[in-house]
Amino acid sequence: KNVSVAVDTILYIESLDNYVRVHTIDGATVTSKISLRAVEEQLPDGEFIRIHRSFVVPEKRIAKFSSTEVVLSKCGKLPVGKTYSEAAMAVLSREK
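Notes on the structure follow. Everything numeric here is computed off the predicted structure, so don't read it as measured data. (Residues numbered from 1 in each chain as written. Predicted model: local features only at pLDDT ≥ 70, side-chain atom pairs only at ≥ 80, totals over all residues. Heavy atoms only, no water.)

### Some thoughts on unusual backbone geometry
Stated formally: Strands are runs of DSSP state E lasting at least two residues, helices are runs of H or I lasting at least four, and both sets are numbered from the N terminus onward.
Phi is positive for Asp 17, which is not a glycine, with a value near 55°. For Asp 17, the position within the fold is in the loop between β1 (10-16) and β2 (19-24).

Laid out in structure tokens, this is it:
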């Protein structure tokens, strides 16, 4: 079954081996058999950031951040992976 998820409702996207789970701001989740990389390619440029091998988040949902974790509004904390830390910090530290 195909399910559409509005980009504006995405809280974060989580990789689960060969699946991804999309978490939305209303608490719903959608699980699909697709790679996280394939999902990233479908997302709007400049609006989402890969923070970990298992997580992609919309920049606008990040309330606080450090080199090891991000705090999402309405959610909690997610880890920032060592591989993604430098790139994530560069994007998140720039003036908005």
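### Focus: the sheet that holds strand β4 (residues 48-52)
The following threshold applies: The criterion for strand pairing is that DSSP finds at least two bridges linking the strands in question. Each axis is a line fitted through C-alpha atoms, and for a helix only the stretch in contact is used; angles between axes span 0 to 180 degrees, taken between their N-to-C directions.
Strand order in the open sheet made by the 5 strands is β3-β2-β1-β5-β4, with antiparallel pairing throughout. Across the chains shown, the open sheet's two edge strands, defined by having one partner strand only, are β3 (29-32) and β4. Between one strand axis and the next, the sheet turns by 20° as a mean value, whatever way the strands run. Sheet topology note: the β4/strand β5 (residues 55-58) ladder contains 4 bridges and is antiparallel. Bridge pairing links Arg 50 to Val 56 in β5.

### Thoughts on the pairing of β5
Put simply, the rule is: Exposure classes here rest on a 1.4 Å probe applied to the protein chains alone. A residue is buried below 20% of its type maximum, exposed above 50%, and partly exposed in between.
Residue alternation in β5 divides its side chains into two sets, Phe 55 and Val 57 and Val 56 and Pro 58, and both sets are buried. The sheet contact formed by β1 and β5 spans 2 bridges and is antiparallel. Bridge pairing in β5 places Glu 14 opposite Phe 55. Hairpin remark: β4 followed by β5, antiparallel, with 2 residues in the connecting loop.

### Topic: the nonpolar core
Selection rule: Grouping buried Ala, Val, Leu, Ile, Met, Phe, Trp, Tyr and Cys residues that are joined through side-chain atoms within 4.5 Å yields what is termed a nonpolar core. Whether two residues touch is decided by their heavy atoms; if any such pair falls within 4.5 Å, the residues are in contact.
Ile 51, Val 57, Val 70 and Leu 78 are the most contacted members of the largest nonpolar core, which has 13 residues in total. Secondary-structure elements contributing two or more residues to this core are β1, β4, β5, β7 (69-72) and α2 (82-93). If sequence neighbours within four positions are ignored, Val 57 has contacts with Leu 11, Tyr 12, Glu 47, Phe 48, Ile 49, Ile 51, Ile 62, Leu 72 and Leu 78. If you look at the next biggest cluster of nonpolar residues, it comprises 9 residues, including Ile 10, Ile 13, Val 20 and Val 56.

### Some points on the pattern of salt bridges
Formally: For this document, the term salt bridge refers to a Lys or Arg side-chain nitrogen within 4 Å of an Asp or Glu carboxyl oxygen.
Taken as a whole, this structure holds 3 salt bridges when the rule is applied. Here Asp 8 makes a salt bridge to Lys 60, at a shortest N to O gap of 3.5 Å. Taken together, the residues span a long stretch of sequence, with Asp 8 in the segment before β1 and Lys 60 in the loop between β5 and β6 (62-65) at a distance of 52 residues. Pair check on accessibility: Asp 8 and Lys 60 agree, each one exposed.

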